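A structural walkthrough
Next come the chains, spelled out residue by residue.
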Amino acid sequence: MKSPISSAHSAANHVALNGTETVDFYSSVEEELTCLRRGVVVSDNAHISVIRVAGEHAYDVVDRLLPCDLFLRDGQARQTLILSEQGVIEADVTVACDDDAYWLFVDGLDAETVVGLLTERRLENEQAEIENASREHALISVGGPFAWELMGAFDSPGLAGLRYMTLAHLRSGCLC
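Read on for an overview of the structure. (Residues numbered from 1 in each chain as written. Predicted model: local features only at pLDDT ≥ 70, side-chain atom pairs only at ≥ 80, totals over all residues. Heavy atoms only, no water.)

1. With respect to the overall build of the protein chain
Note the threshold: Strands here are runs of E lasting at least two residues and helices are runs of H or I lasting at least four, both read from the DSSP assignment and numbered beginning at the N terminus. Only protein chains enter the area calculation, which uses a 1.4 Å probe; residues under 20% of their type maximum are buried, those over 50% are exposed, and those in between are partly exposed. Any pair of residues with heavy atoms lying within 4.5 Å of one another is described as a contacting pair. For every accessible area listed, the method is Shrake-Rupley and the probe measures 1.4 Å; residues are considered covered only by the protein chains on display.
Along the protein chain, the regular secondary structure elements total five helices and nine strands. Its helices and strands taken in sequence order, the protein chain reads α-β-β-α-β-β-α-β-β-β-α-β-β-α from the N to the C terminus. Within the span of the protein chain, comprising 176 residues, buried residues form 37% of the whole. Within the protein chain, counting contacts between residues at least 6 apart in sequence, those at least 24 apart form 54% of the total. Looking at the protein chain as shown, the accessible area adds up to about 10,500 Å², and 51% of this sits on carbon and sulfur atoms.

2. Examining helix α4 (residues 111-121)
Let me state the cut-off plainly: An arc is given here, and it is the one of the directions from the helix axis to the C-beta atoms. Residues adjacent in sequence count toward polar contacts only when both atoms are side-chain atoms; beyond that, a polar contact is any pair of N or O atoms within 3.5 Å, and within protein one must be able to donate a hydrogen and the other to accept it.
All of the buried residues along α4 are Ala111, Val114, Val115, Leu117, Leu118 and Arg121. Mapping the buried residues of α4 onto a view down its axis gives an arc of 160 degrees, with all of them on the same face. Those residues of α4 that are buried are in contact with β4 (49-54), α3 (58-65), β5 (77-83), β7 (101-107) and β8 (129-132). In this structure Asp110 caps α4, since a side-chain oxygen of it lies 3.2 Å from the backbone nitrogen of Glu112.

3. Quick look at the state of the cysteines
How we decide: Put simply, a disulfide is two cysteine sulfurs that come within 2.5 Å.
Counted under the stated rule, the structure contains zero disulfides. The thiol of Cys176 is not disulfide-bonded; the next cysteine sulfur, from Cys174, is found 8.8 Å away. Of the residues examined, Cys176 reaches a relative accessible area of 34% and is grouped as partly exposed.

4. Remarks on the nonpolar core
Here is the rule: Here, nonpolar core means buried Ala, Val, Leu, Ile, Met, Phe, Trp, Tyr and Cys residues that are tied together by side-chain atoms lying within 4.5 Å of each other.
Among the nonpolar cores identified, the biggest contains 26 residues, and Leu66, Ile82 and Leu104 are the most heavily contacted of them. Taken together, the elements giving at least two residues each to this core come down to β4, α3, β6 (89-98), β7 and α4. By residue number, the principal contributor to this core is α4, which donates five residues. Leu104 has contacts with Ser49, Val50, Ile51, Val53, Val62, Leu65, Leu66, Val93, Thr94 and Val95, leaving out every residue within four places of it along the chain. By size, the runner-up hydrophobic cluster in this structure holds nine residues, among which are Ala96, Trp103, Phe105 and Ala133.

5. Section: the packing of aromatic side chains
Aromatic rings considered in pairs are described by the distance between their centres and by the relative angle of their planes. The line we're drawing: Two rings from Phe, Tyr or Trp (for Trp, the six-membered ring) form a pair when their centres sit within 6.5 Å of each other. Planes less than 30 degrees apart are called stacked, planes more than 60 degrees apart edge-to-face, and all others tilted.
Applying the stated criterion across every chain yields a total of three aromatic pairs. When the ring of Tyr59 is compared with that of Tyr102, the centres are 6.4 Å apart and the planes differ by 55 degrees; the resulting orientation is tilted. Taken together, the residues span a long stretch of sequence, with Tyr59 in helix α3 and Tyr102 in strand β7 at a distance of 43 residues. What links up through ring pairs into an aromatic cluster is the set Tyr59, Phe71 and Tyr102.

6. Digging into the pattern of salt bridges
Where we set the bar: Whenever Lys or Arg places a side-chain nitrogen within 4 Å of a carboxyl oxygen from Asp or Glu, that contact is recorded as a salt bridge.
All chains considered together, the criterion is met by four salt bridges. Across the pair Glu126 and Arg64 runs a salt bridge, and its minimum N-O distance is 2.7 Å. Remark: Arg64 occurs in helix α3 and Glu126 occurs in the loop between α4 and β8; sequence separation between them is 62 residues. Residue classification places Glu126 among the buried positions, given a relative accessible area of 9%. Arg64 gets classed as partly exposed once you look at its relative accessible area, which sits at 35%. One network of salt bridges, in which partners are shared, links Glu85, Glu120 and Arg121.

7. Remarks on the environment of Asp110
Within the secondary structure, Asp110 is located in the loop between β7 and α4. Note on Asp110: relative accessible area 36%, which makes it partly exposed. Along the sequence, Asp110 and Ile48 sit 62 residues apart, while their C-alpha atoms lie 7.7 Å from each other. For Asp110, the side chain forms a polar contact with the main-chain nitrogen of Thr113, separated by 3.0 Å.

Set out below in structure tokens:
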């Protein structure tokens with residue numbers, strides 16, 4: 001699968017991440033680092049799997065997969081890992097609580113693999129919907145010292161006040 005951003009820039013250096021072709025850099029690493037340090041950088045994260053687990057037993061299913069304490073308030077996120085049975089790191093994960101659902105942003109495993117791991121951990125009597133949300137959601141990162149200006153113009157200047165590792169529903173309908 002080729003990301004829409006990388007197909008528009010044939011001069012970009014491409015790499016494959018988790019089975020998705022994405023851009024490593026567009027012009028030069030030095031030029032992009034300058035933008036990151038002095039401006040705004042928007043990154044296509046099509047290689048990161050987006051999984052949503054919702055329902056009465058969503059907490060239990062996700063808690064069985066991730067080695068961290070999963071005690072998150074609504075809108076709170078944390079970084080964690082997916083480990084193999086031998087304790088080897090298989091993927092980096094950001095998990096966020098969204099009311100009765102959990103969003104998992106997984107770097108290192110494709111979405112179907114993560115859905116399979118979660119499905120294996122769901123007990124027969126548990127009500128939990130496990131969804132590969134990568135199909136409907138694009139994941140981008142906005143970074144740099146002036147990222148707040150871009151995001152403020154996109155949705156609301158109040159975004160600058162969000163705490164680190166916060167999940168917020170924006171007026172535009174996007175998740176941030």
